[in-house]
Amino acid sequence: MSRPTDDLYVRYMKAFEDSTKHTVDCPACQGETPCTKGTPIHERFARLQDAYHNRLKRQNGNG
């Protein structure tokens, strides 16, 4: 029996991958201030990470 796909988790992991790949190739994003192209990539990752972690907290009765 297959497990249903967790869309939020998949999007979160894709955003993590995109953010990491961009940071490796972008010196500006390796510092304190991300570049204009990197900012939305990193913000998407942060939003999805927060959403995923908040959902886990709610499911575990901690939020």
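Everything numeric here is computed off the predicted structure, so don't read it as measured data.

**Q** What is the right way to look at the overall build of the chain in this model?
**A** Across its full length, the chain carries two helices and zero strands. Against the globule reference of 11 Å for 63 residues, the chain gives a C-alpha radius of gyration of 14 Å, more extended than a compact globule. With the C-alpha coordinates of the chain rotated into their principal frame, the extents come out at 45 × 30 × 15 Å. The proportion of buried residues among the 63 residues of the chain is 21%. For the chain, contacts bridging at least 24 residues in sequence account for 48% of all contacts bridging at least 6. Of the accessible surface of the chain, which amounts to about 5000 Å², a share of 52% is contributed by carbon and sulfur atoms. Considering the chain, the positive charge centre built from 10 side chains and the negative charge centre built from 8 side chains are found 6 Å apart.

**Q** It is not clear to me how the pattern of salt bridges should be interpreted in this structure. Could you clarify?
**A** Here the structure, examined in full by the defined rule, presents four salt bridges. A salt bridge links Arg55 to Asp6, with the nearest nitrogen and oxygen atoms 2.5 Å apart. Of the two residues, Arg55 sits in helix 2 (residues 38-59) while Asp6 sits in the segment before helix 1 (7-25), which places them 49 residues apart along the sequence. Owing to a relative accessible area of 27%, Asp6 belongs among the partly exposed residues under this scheme. A salt bridge links Asp18 to Lys14; its shortest N-O distance comes to 2.7 Å. Taken as a pair, Asp18 and Lys14 lie in helix 1 at a separation of four residues, close to a single helical turn. Judged by its relative accessible area of 44%, Lys14 is partly exposed.

**Q** Explanation requested: the packing of helix 1 against helix 2 in the structure shown.
**A** What describes two packed helices is the angle between their axes and the distance between those same axes. It is the contact of helix 1 with helix 2, at a shortest axis distance of 8 Å, that shows an interaxial angle of 145°. The crossing of helix 1 and helix 2 is left-handed. Counted together, Leu8, Tyr9, Arg11, Tyr12, Ala15, Phe16, Asp18, Ser19, His22 and Thr23 of helix 1 and Gly38, Ile41, His42, Arg44, Phe45, Leu48, Gln49, Ala51, Tyr52, His53 and Arg55 of helix 2 form the full contact between these two elements.

The rules we used
For every chain, the first residue of its written sequence is number 1, and the numbers climb from 1 along that sequence. For this predicted model, a pLDDT threshold of at least 70 governs which residues receive local features, and a threshold of 80 or more governs which side-chain atom pairs are given and counted, while totals over whole chains, interfaces and linings are taken from all residues. For the side-chain quantities, the full set of heavy atoms in the structure was used; hydrogens and water were omitted. Helix and strand definitions here come from DSSP, where helices need a minimum of 4 consecutive H or I residues and strands a minimum of 2 consecutive E residues; each element is numbered from the N-terminal end. Only C-alpha atoms enter the radius of gyration, while the globule expectation follows 2.2 Å times N to the 0.38, with N the number of residues. Whether a residue is buried, partly exposed or exposed follows from its accessible area with a 1.4 Å probe, protein chains only, as a fraction of its type maximum: under 20%, in between, or over 50%, in that order. By definition in these notes, contact holds between two residues if any of their heavy atoms fall within 4.5 Å. Per-residue and other accessible areas were derived by the Shrake-Rupley procedure at a 1.4 Å probe size, with only the shown protein chains allowed to occlude residues. Residues scored as positive are Lys and Arg, those scored as negative are Asp and Glu, and His as well as the terminal groups of each chain are ignored. Taken as the charge centre is NZ of Lys, CZ of Arg, CG of Asp or CD of Glu, depending on the residue. Here a salt bridge means any side-chain nitrogen of Lys or Arg lying within 4 Å of a carboxyl oxygen belonging to Asp or Glu. Here the axes come from fitting lines to C-alpha atoms, over the contacting stretch only for helices, and the angles between their N-to-C directions go from 0 to 180 degrees. Crossing handedness is defined as follows: a turn of the near helix away from the far one that is anticlockwise and smaller than a right angle gives a left-handed crossing, while the clockwise case is right-handed.

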